[in-house]
Amino acid sequence: MTTQNTPAVSGRMMGLSEATALIRGGGHFSVAGDEALLRQLPRGHWIGGTIPYFMGQDGGVTTRDQLYVAQVPVINGLPMIRFYDQISLERVCADAPENGFSIIVMPAFSAVHSLFARNAPGYEDMYLKPLVGWISGIHLSDLGRASPLVVNGETLEFDGERALVMHVPLPENKYAQIDIINLFTQGEGDRIRFPAKGFSATECLINGQPGNFAQYVSSRAIDTKLPLVADYSGAMINVSIKSVDAGKGTVDFYAPVFDDIEYRFAAPVPDYVSAFHTALPGQTGPIGFSCNCVLNYLYSELEGKRVPAMLGPMTFGEVAYQLLNQTLVYLTIEG
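Residues numbered from 1 in each chain as written. Predicted model: local features only at pLDDT ≥ 70, side-chain atom pairs only at ≥ 80, totals over all residues. Heavy atoms only, no water.

Participant: I'm lost on a nonpolar patch on the surface in this one. Help?
Facilitator: A surface patch of nonpolar side chains, amounting to about 330 Å² of accessible area, comprises Phe-109, Leu-140, Leu-143 and Leu-298. When you line up the elements, Leu-298 lands in helix α6 (residues 294-299). For Leu-298, a relative accessible area of 32% puts it in the partly exposed group. (Patch = residues over 30% accessible without salt bridge, like charges linked within 9 Å, V, L, I, M, F, W, Y side chains within 5 Å. Areas by Shrake-Rupley, 256 points an atom, 1.4 Å probe, with all protein chains shown as cover. Salt bridge = Lys/Arg side-chain N within 4 Å of Asp/Glu carboxyl O. Helix = DSSP H or I, 4+ residues; strand = E, 2+ residues; numbered from the N terminus. Buried < 20%, exposed > 50% of the residue type's maximum accessible area, 1.4 Å probe, protein only.)

Participant: Can you help me understand the nonpolar core in this one?
Facilitator: Counting 74 residues, the largest nonpolar core has Phe-101, Ile-104, Phe-116, Phe-276 and Met-310 as its most contacted members. Excluding residues within four positions of it along the chain, Met-310 makes contact with Met-55, Tyr-272, Phe-276, Asn-292, Leu-302 and Leu-328. Counting 20 residues, the second largest nonpolar core, distinct from the first, contains Phe-213, Val-239, Ile-261 and Phe-265. (Core = buried A, V, L, I, M, F, W, Y, C linked by side-chain atoms within 4.5 Å. Contact = heavy atoms within 4.5 Å.)

Participant: What is the right way to look at the side chain of Asn-296 in this model?
Facilitator: Checked against the element boundaries, Asn-296 lands in helix α6. There is a polar contact of 3.0 Å between the side chain of Asn-296 and the side chain of Asn-292. Beyond its immediate stretch of four places on either side in the chain, Asn-296 contacts Phe-184, Tyr-272, Glu-301, Leu-302, Gln-326 and Thr-327. (Polar contact = N/O pair within 3.5 Å; in protein donor to acceptor, adjacent residues only side chain to side chain.)

Participant: Looking at this structure, I do not really get the sheet that holds strand β21 (residues 250-257). What am I missing?
Facilitator: Hydrogen bonding along the main chain pairs the strands of a sheet, whether they run parallel or antiparallel. One open sheet accounts for 3 strands, arranged β15-β21-β20; its pairing is antiparallel. Of all strands in the sheet, those bounded by a partner on one side alone are β15 (198-201) and β20 (241-245). Taken over all neighbouring pairs, the strand axes of this sheet differ in orientation by 20 degrees on average, direction set aside. Strand direction decides the pairing type here: β20 and β21, joined by 4 bridges, are antiparallel. Among the inter-strand pairings, Ser-243 is bridged to a residue of β21, identified as Asp-252. Across the sheet, helix α3 (residues 111-119) lies against β15 and β21, angled at about 90 degrees from β15, the strand it touches most. (Pairing = 2+ DSSP bridges. Axes fitted to C-alpha atoms, helices over the stretch in contact; angles between N-to-C directions.)

Participant: Honestly, helix α1 (residues 16-24) in this entry has me stumped. Any pointers?
Facilitator: Residues separated by three or four positions in an α-helix point in the same direction, a consequence of the helix having 3.6 residues per turn. Buried residues of α1: Ala-19, Thr-20 and Ile-23, and no others. Projected down its long axis, α1 carries its buried residues within an arc of 100 degrees, all on one side. Facing away from the buried side of α1 by more than 90 degrees, the exposed set consists of Ser-17 and Ala-21. Contacts made by the buried residues of α1 are with β1 (11-14), β2 (28-33), β3 (45-50) and β6 (67-71). Gly-26 lies just past α1 and shows a positive phi near 100 degrees. (Arc of directions from axis to C-beta.)

So this is what it looks like as structure tokens:
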């Protein structure tokens, strides 16, 4: 039953046999799960990515034995599934239907992941056509031993270097809307700027004074579970810290920082689950896609906790037009 603060969600956790039956029954789907399970799925109209972290209908769960399967609404012609490499990626929105939406999955740490993060705001038709998606990943214990992948269910082709997109048309009386829920706001700390954009930083400006960012973070014992937050014309956008190497003077990020943006570390969020429920909107249309960040899952200790309205994979990055971190992203069909 849908309540005022619980939008209808299209997906849920399920076993391999149930997912197989759904795919063989027709329809279009977005699938997330462990690589071994994805390789056992049949050919069909689906796109997928690797991840073992989820918010399921029974709560947060880390599993290699279940898949998260969401049905993609198809109400005005068949969607198109295609790969994008480093050259063609800039056409991801230009290729989208004039009225509809696109779901993108990219392998974490790949060249297309980095390229998209840096350049997507300048792509043709970006922000004019809804683009939503996620960054596939792996179990953190498998870092260095496994690679994030995407999979085209129509060809059963797995890929660790290209982005995969499902372009979905909608009729004239319907439209797709992308929303984000970011629980983080800028704290009251120092103003931080970086001289160059990128996934790592050494030098920075702290309240206008030059310094080394790694030394700044280490010397002040800053909680790196809190992201840097920038105000993009009223929208709070996070940049999560991946690692700090004080010896080398380098900080690595899960998303790029930019040279024309002012950042502050986020204010703490004492109770993520309660804050999330408070931030949920009122009644929306059916949710056609949703995902959240694995850092929210880990840092907020969501395993075993139920947040019914935020079902989906817990990912290595979220896409709502551009790359985001530590943010819930969802798409609804309105009209």
